[in-house]
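A closer look at the structure
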Amino acid sequence: MDYLLTDEQKMIKELSHRIAEEKIRPVAAKYDQSEEYPWEVIKVIAEAGLFGLFIPEEYGGMSPSVLGLCIATEEFSRACGGIAVCYAASALGTFPIVLFGTDEQKKKYLPDLAAGKKVAAFAVTEPEAGSDASAIKTTAKKEGNYYILNGLKHFITNGGDAETYVVIAMTDKTKGARGASAFIVEKGTPGFTFGKKEEKFGIRASSTRELIFTDCKVPAGNLLAKEGFGFIVTMKTFDKSRPGVAAQAVGIAQGALELAVKYARERFQFGKSISTFQGIQWMLADMATEVEAARALVYSTARMVDAEIKDVGKDSAMAKLYASDVAMKVTVDALQIFGGYGYMRDYPIEKYVRDAKITQIYEGTNQIQRNIIALQLIKEMAK
Amino acid sequence: MNIIVCIKQVPETTEVRINPETNTLIREGVKSIINPFDMYAIEEGVRLKEKFGGKVTVVTMGPAQADQALREAISLGADDAVLVCDRAFAGSDTWATSYTLAGAIKRIGSFDLIICGKQASDGDTAQVGPGISTHLDIPQVTYVKKVEEVKEAKMRLERMMEEGFEIIEMPLPGLITVVKEINEPRLPSLKGMMRSKNAKITVWSQKDLDLDPQSIGLCGSPTQVVKIFTPPQRTGGQMLIGDTSQVAERLVELLKNEVA
């Protein structure tokens, strides 16, 4: 399908496709096994200038575009969903600064992030605050020119490897959701340490760690927006980043589909290529149709975000929900086409199933996405 | 440091087909790429520029479509590009090609270093680089695998030999040809790709260059291609299996009989 991409978007696709094929695919299995952070690939992406895709030109980036980010994330995910998320999670950690940072904060943090010299992370989730972000317990107490952070964040993507963190903490517990604030916290700040690194089912090239704050002194100048804006920062950030997660899902599904078509052509049973069997053909046809539908939804949503259309929450949720469900189904079907070989680690397809699963869970579970969609539907009808 | 990198656009295939009547390459239907060895030349040029400042000008002689190769070089970090293009240059052998490129380089003006790939993947002659240095009367070092040092208008270079390497000091301006061991070419950057799309490529024809008409194109090419053929494939060897003394005995026997 032709998505009528601009020349710049076509270049992003061409370049990220090359990076995926030449630099990511050959090392995908290695990092899946070792669970090490793929710095060698991050360096390549940085040199190609693709960390600049979500940062304005005056701070060292390109003209920021969510569709551009989606295209790059999709291409990387075709080769490895884990390495792709290291990249996309840096975008997630950068968006709050781009959206709410002062000029001074932007000048201080964005150039290094645009150059890929540093990666970023966004820290909202806590052991008891997953889908219910209002249950956040991490506190930030103002003392003179500092905020003192105490608490624990967990399941933080890029945790430990990122240099720049945006952390959501409660400045006023009595106000509930309106008592949360967002802070930029640098790695190495006294009182900021890392807990255990999670061993994961999929996206194993990415790092997921606990962040521990023990009387961590953060300069008051690192507060993003104002006190009490923490949830607005979070929601606006997710509006920008959700199409990226959906694009990751599309990329994983596309990668699995391509492997399945290739395998079906090469695998002979009963004296014929299994791609000549209608049972296989229909599976492939359904998979391809679903991937294309998901992509169309994701690109449309990304374009809406880039056009700064208000209230993209429902569309963003639809894109993330549909693309991740498609990724799960398509990867499972792709493995089925590989048969017994597909179940073995020697073949690349089982990794796609593992990598796909997280896209139904993170940045809002698909159940939460359905809540968002349904509430908006009902609200629209009540108008 | 002003650097000139000479590149060639070649067909992307290791199975080059030859027109048996004209003894020339069949280019139709084959995608064109930058000669792989020239990618190392571009990368080395860009690295030296990044280290010492200056600029990289990339030059090629070829048909109008070679513009694409020059744009790719710009996406990889080259600053300027010159396409030497004229029907009068058609049929040039390595002598006429290096004479013509030398003419273009004279027109570019001052430079410190010329870098070429060690050879082109289609012709495999490795003669154009040395030819250019001869026509320009500057020193040359071929098969460079490392630039050790650049100091006071001199370069210290490691030259790859079949066994080991030589260390050579070359005064500048000079010319080097590079082997693939010298670096790992980078991928283009997004900014580079965007710059290359709008970059202005300078195109020079015969009239733009001060060249002897008798020394260019087919008539300026002393090379005569008499015959082109595919060498016969090597037939398989013979495997001797057994313990060492048995194998040695059998080998001696074979050598005696075969030599006889």
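**Here we look at the sheet that holds strand β7 (residues 80–84) of chain B**
Residue and element names in this part refer to chain B. Spatially, β11-β10-β9-β12-β8-β1-β6-β7-β13 is the arrangement adopted by the nine strands of the open sheet, whose pairing is mixed. Both outer strands of the open sheet, β11 (165–171) and β13 (202–204), are each paired with one neighbouring strand and no more. In this sheet, adjacent strand axes meet at a mean angle of 30° when their direction is disregarded. Sheet topology places strand β9 (residues 140–151) next to strand β10 (residues 154–160); six bridges connect them, and they run antiparallel. Residue pairing in the sheet places E149 in a bridge with R156 of β10. Packed onto the sheet, helix α4 (residues 128–136) meets β1 (2–7), β8 (113–117), β9 and β12 (174–178) and runs at close to 65° relative to β9.

**With respect to the domain arrangement of chain A**
Residues and elements named next belong to chain A. What the domain assignment reports for chain A is domain 1 (7–119), domain 2 (121–230) and domain 3 (231–382). Of note, the centres of domain 1 and domain 2, computed from C-alpha atoms alone, are 22 Å apart. Taken together, the contact between domain 1 and domain 2 spans 24 residues of the former and 21 residues of the latter. Going through the elements one at a time, α1 (7–34), α4 (81–100) and α5 (103–114) are the ones with two or more residues in the side of domain 1 that touches domain 2.

**Topic: the packing of helix α8 (residues 313–342) of chain A against helix α9 (residues 349–357) of chain A**
Packed helices, taken two at a time, are described by the angle between their axes plus the distance between the axes. Residues and elements named next belong to chain A. At their nearest, the axes of α8 and α9 sit 8 Å apart, and the two run at 160° to each other. Relative to α9, the element α8 is oriented roughly antiparallel. Relative to α9, α8 is oriented so that their crossing is left-handed. For the pair formed by α8 and α9, the contact residues are A327, M328, T331, V332, A334, L335, F338 and G342 on the first element and I349, E350, Y352, V353, A356 and K357 on the second. A per-class count over the contact of α8 with α9 returns ten nonpolar, two polar and two charged.

Thresholds, definitions, all that
Residues numbered from 1 in each chain as written. Chains lettered and ligands numbered in written order. Predicted model: local features only at pLDDT ≥ 70, side-chain atom pairs only at ≥ 80, totals over all residues. Pairing = 2+ DSSP bridges. Helix = DSSP H or I, 4+ residues; strand = E, 2+ residues; numbered from the N terminus. Axes fitted to C-alpha atoms, helices over the stretch in contact; angles between N-to-C directions. Contact = placed C-beta atoms within 7 Å. Domains from an automatic or database assignment. Parallel < 35°, antiparallel > 145°, perpendicular 65-115°, else oblique. Left-handed = near helix turned anticlockwise from the far one by under 90°. Nonpolar A, V, L, I, M, F, W, Y, C, P; charged D, E, K, R; others polar.

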